[in-house]
Amino acid sequence: MIKDYFKVAIKNIFNRKLRSWLTMIGIFIGIAAVVALISLGSGMQKAITSQFGKIGANRISISPGGAIAGPLSENLGSGILYSSDVEAVRNVKGVEFATGPIAAYVELEFNKEIEYVALMAFDDDTKTLRYMEEMGLAEVEYGRQIKTGATREVILGNRIANDLFDKPIQVGNSIYVDNYKFNVVGIQKKSDSSMFDTVIRISKKTAEDLFERENPSNIFAKVDDNYEPTEVLGKLEKALRKEHNVDEGEEDFTIEIAADVIESFTRILTTVQILVISIAAISIVVGAVGITNTMYTAVLERTGEIGIMKAIGARNSDILTIFLIESGMLGLVGGLIGIFIGVGIGKAVEVIAKAAMNSNILQAHFPWYLILGSLLFSFLLGAIAGTMPAKQASKMNPIDALRYE
Amino acid sequence: MTKEIIIELDNVWKTYKMGTVEVHALRGMSLKVKKGEFLAIMGPSGSGKSTAMNMIGCLDIPTKGEIKLLGRDISTLHESDLAQIRGKKIGFIFQKFNLLNTLTAKENIMLPMTFQGIPREEREKKSEELLGLVELKDRMDHRPNELSGGQQQRVAIARSLSNSPDVILADEPTGNLDSTTGERVLDFLKKLHKEKGTTIVMVTHDKKIAEQAERIEFLKDGSIVKNL
Amino acid sequence: MFFDFFLIACRNISRRRLRSWLTMVGIFIGIAAVFTLVSLGNGFEKALIDEFEKMGTDKLFVQPGKGFFSTPGSLKNVLSDYDLELIKKVKGVETAAGMNYKIARIEFKDISKYSWVIGISTDPEEKKLLFEMQNFKVAKGRELESSDKYKILIGAQIAKGLTFDKEVDLRNTIKIDGIDFKVVGILESMGNPQDDQTMYIPLKTEKEIFGEGENLDYIMAKTSFNADQDRVAADIMKTLRREKGVREGDENFNVQTSAQLIESFNTVLNIVTVALISIAAISIVVGAVGITNTMYTAVLERTGEIGIMKAIGAKNSDILTIFLIESGILGMMGGLIGVLIGVGIGKLVEVIVKTALLIDYITPEITVGLILGSLAFAFVIGAVSGTMPARQASKMHPVNALRSK
């Protein structure tokens, strides 16, 4: 029986083709916008999570001071981490590995051009290198890694090598870092985030010797798989408090588990996404009102027909179902077209962003539940939008309806 | 002085295409309407009465042949020129009254003048005058659905007069009215003709009604015949 | 004549009341959304410009780094006290002053926090300039004097207890990195938590306790009356280049005029507003499609009427006008309600932001121009969406139209 109702509904939609189209345009514009935005948003979230995912949930980051101003503001905080802190961290039970890179802003000179970039100096042992590789920080596209013990070797972030200077820098070129000559031995692979593409890398030993820096800007640690990260975190806090000679609540350092960082990032992203999608969703509401309007018109036009149907035995519920299916179909077909357009827009934005911003961060992501959910949502939306007119139709008195016109 | 010819149809053909079949609604109809005359065109249904009416009223142009209104050939005119002619020179009275339901009686009468760009004051004055003529001054702010059929048709007569047209076209003016009301409407038309000298062309299938006119032309199968 | 057509249009709209309402709902939702966003965007922009105007348009800002949007204080040892002296001597500079930024651990009555601490000059002339530019006004107590060492000025929200959960008053002691500072003044609110939860100490003391040496994070200059801002800015750049021995294009510092600052703020703000408004505008498009739909239905329903009007002398253009006015009114009425709702939402957002986020800047800017513009826009939207149906109506053949009844 429901199948027959569907047939009736589809026939009626086709009978007033123009109006049905216009009604569906209203729905599909909104659905397209929302699908495109959700796909881009969740794609972005996925990209960020996978980037952080490389860091892993068992990674711990320790930064000096309160860390309220975000990354790369290490000069701002009044707190200091000392080289001895790295040892203290390594000695905590459950810490598998720890390293304290030095970070600084340096002057970079190449081909008589000067630019200012961020420098990261890690230990040059294989263990640290492997740790960085796991984090996706150290993959070299051209050339090689810094040799253990080498002093004047530098590895450049991809964008520093290719975009920063008028002439691209190649492996084997010489550059000056704060007026010290360095040999470019490697160029890093393009990473997913511009942050890692705009740093240069030298060995920690070199940084200590040449720039007279020894205090690490951060300490990165990895928790042994057999230990619970939060437990180790507590122990780390205690150890560093002792090292810095401060009481609880007066720490001049901040310890974060990677998972927490991911979460706070995701939270910001989600907030922005919700705001943007709610604004886009307004158009879906407007489209739904359009369905209500079209259905009221349909009920009015087909009053006589409703009378006939009632006269030959249609119950109120039958009339209700016929009209609800009709409005649901309007929503569903609108949603279907909207999804197609939304996928198109999402992909287009992805391609444009890749070409224009040189970044993989904007990726359209279409999980099956987004597609299916949108379809179900648009059918329901149509049906809900058609409820009032359908009720009006179902409650018509057959005699009045027949007499109409 | 010989009477001036207002409308002249010369061998007018009108052909409609219904799918692949051609239907000839008019087959060489010729007719002259003189100024000040009350002419009835009588014919059975399907004789082409309505098409003839549309042609005389400049609502449509012929497939073949010539229509002259006041000596001017209208069969080659554009729609907006035709609209101007309809508005100024012709007044329509329909079988179904065809008043606009959203407007009051007075506003309905004013509407043709609105399309001619006549100032509001003048329109109001004229429409009230015309309402007086059809004896409906007390009903001027009523909407059509608040008026009886006869009253509606009288409003329609008043509306047809609003731009002082050269000719009034009445298409079965009594067709939707009972005989008493119908007679009253006819009396109005006769009065108009007699007292104001208005030219009236009336289309009807009813012999009794047609006989009220000065002259009767018979229409059969799309052309004028001697009698039916 | 236009008035009469207007009347006819109004009659027809009120004849199909429910449908007209639903159509207008479609428009007013969109207009309300866009109106709200535009008014808030304009309000924010105005607040920013006001802020800059209070600061005065004769000011220049010298800071480290190449661009504008860097975290203040993150690049140390680029500008120095010596640079400040040089800038003061540049022709067209009336006076100049320096500031330093640091994030430090603050303690008040056993509650400790990380917060911004800003070192400001206590030299009377320099202090005057800083107070003028930062729009500092002492609400209670006094300013910092050159003889002060461990004295502190606090933002309004710190005093109110928003930073430490306890109110802070004059003569209270606040610890910065363990050193006692005595509160000598409380500033008037500047309308945002960032500024109102900052503490200000003498620049000399700041340099001493954080070991900043000669470093300055930020230099502000006031140009003399009638001086050409851009000229003076260029001269400062030249002077600093000469002093540091760098060529043009290689600088690690920049000078911004007030006009440039306003412009760069506006550019970012405009991108965000335009993006949000475009998304919101989608719903207006959907609403417009709704008007088209309603008008097509109206044309269909009133075919007979169109025939009558044509028979009694209406030209094609008359019919076109009547229908265009009708759809225009639908748009404008929708716009009117939308504007009313938009004003309401804007005010609501203002109150919420003020009470929940403590930010005064988000005030909707509702001008006569914006309201009239929105109404005109809504009318045009309506008329444009009605164009196709109105053309269809105007081109109907009178005979066919009459017959349809």
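As the structure is a computational prediction, the values presented were derived from the model and not from experiment.

Right, let's talk about the overall build of chain B for a bit. Scanning chain B from N- to C-terminus turns up seven helices and ten strands. Relative to its length of 228 residues, chain B is compact, with a C-alpha radius of gyration of 17 Å against a globular reference of 17 Å. Projected onto the principal axes, the alpha-carbon positions of chain B cover approximately 50 × 50 × 40 Å. Excluding contacts between residues fewer than 6 apart, the proportion of contacts in chain B whose partners are at least 24 apart in sequence is 71%.

Residue and element names in this part refer to chain C. Side chains I174 and I176 of strand 7 (residues 173-176) all project onto a buried face; the interleaved residues T173 and K175 project onto a face where none is buried. Two strands pair when backbone bridges link them, and strand 3 (residues 93-108) and strand 7 are joined in this way by two bridges, in the antiparallel orientation. Note that in strand 7 the partner of E107 across the bridge is K175. Summarising the sheet, strand 7 and strand 8 (residues 179-187) pair through four bridges and their orientation is antiparallel. Looking at the pairing, T173 lines up with K182 of strand 8. Once strand 7 ends, the chain turns through two residues before running back antiparallel as strand 8, passing D177 with a positive phi of about 45°.

The next subject is the packing of helix 2 (residues 17-55) of chain C against helix 9 (residues 258-301) of chain C. All names here are of chain C. Where helix 2 meets helix 9, the closest approach of the two axes is 8 Å, and the angle between their N-to-C directions is 175°. With respect to helix 9, the element helix 2 is oriented roughly antiparallel. A breakdown of the residues in the contact of helix 2 with helix 9 according to their chemical character gives 23 nonpolar, eleven polar and two charged.

Moving on to the packing of helix 1 (residues 2-15) of chain C against helix 11 (residues 316-357) of chain C. Pairs of packed helices are described in terms of their axes, by the angle between the two and the distance that separates them. All names here are of chain C. The geometry of helix 1 relative to helix 11 is characterised by a closest axis approach of 9 Å and an angle of 55° between their N-to-C directions. Between helix 1 and helix 11, the angle is such that the two are oblique. In this structure, helix 1 crosses over helix 11, and the sense of that crossing is right-handed. The residues of helix 11 that touch helix 1, namely those facing F5, F6, I8, A9, C10, N12 and I13, are T321, I322, I325, E326, I329 and L330.

What follows concerns the domain arrangement of chain A. Domain assignment breaks chain A into domain 1 (2-52 + 263-403) and domain 2 (57-257). On a C-alpha basis, the centroid separation for the pair domain 1 of chain A and domain 2 of chain A is 50 Å.

No other pair among the two pairs of chains in contact exceeds the contact count of chains A and C. Kept free of each other, chain A and chain B leave a smallest C-alpha distance of 15 Å between them.

In this section: the interface of chain B and chain C. Across the contact, 21 residues belong to chain B and 19 residues belong to chain C. Secondary structure elements with two or more residues in the side of chain B that touches chain C: helix 2 (79-89) and helix 3 (105-115) of chain B. A total of six residues in the side of chain B that touches chain C trace back to one element, the largest contributor, which is helix 2 of chain B. Along the lines of polarity and charge, the residues of the side of chain B that touches chain C split into eight nonpolar, nine polar and four charged.

Looking now at the interface of chain C and chain A. Facing the 42 residues of chain C at the interface are 41 residues of chain A. The greatest single-element share of the side of chain C that touches chain A, amounting to 15 residues, is contributed by helix 9 of chain C. Residue composition of the side of chain C that touches chain A, by class: 20 nonpolar, 15 polar and seven charged.

All right, on to the sheet that holds strand 7 (residues 167-171) of chain B then. Residues and elements named next belong to chain B. Taken in spatial order, the six strands line up as 6-7-8-3-9-10 in an open sheet, and their pairing is mixed. For this open sheet the edge positions go to strand 6 (90-93) and strand 10 (223-225), each flanked by a neighbour on one side alone. Each adjacent strand pair in this sheet contributes to an overall mean axis angle of 25°, direction not counted. Judged from the four bridges that link them, strand 3 (residues 38-42) and strand 9 (residues 215-220) form a sheet pairing that is parallel. Its bridge partner lying in strand 9, M42 is registered against F218. Strands strand 6 and strand 7 of the sheet are contacted by helix 5 (residues 149-161), whose axis makes an angle of about 170° with strand 6.

On to unusual backbone geometry, then. Backbone geometry at A:K112 places phi at a positive 65°, although glycine is not the residue there. With phi around 75°, C:N226 is a residue other than glycine that occupies positive phi space. Mapped onto the elements of the fold, C:N226 is located in the loop between strand 11 (218-223) and helix 8 (229-244). Using a count of 7 C-beta atoms within 10 Å as the deciding quantity, one classes C:N226 as exposed.

What counts and how
- Residues numbered from 1 in each chain as written.
- Chains lettered and ligands numbered in written order.
- Predicted model: local features only at pLDDT ≥ 70, side-chain atom pairs only at ≥ 80, totals over all residues.
- Helix = DSSP H or I, 4+ residues; strand = E, 2+ residues; numbered from the N terminus.
- Rg over C-alpha atoms; globule rule 2.2 N^0.38 Å.
- Contact = placed C-beta atoms within 7 Å.
- Buried ≥ 20, exposed ≤ 12 C-beta atoms within 10 Å, placed from the backbone.
- Pairing = 2+ DSSP bridges.
- Axes fitted to C-alpha atoms, helices over the stretch in contact; angles between N-to-C directions.
- Parallel < 35°, antiparallel > 145°, perpendicular 65-115°, else oblique.
- Nonpolar A, V, L, I, M, F, W, Y, C, P; charged D, E, K, R; others polar.
- Left-handed = near helix turned anticlockwise from the far one by under 90°.
- Domains from an automatic or database assignment.

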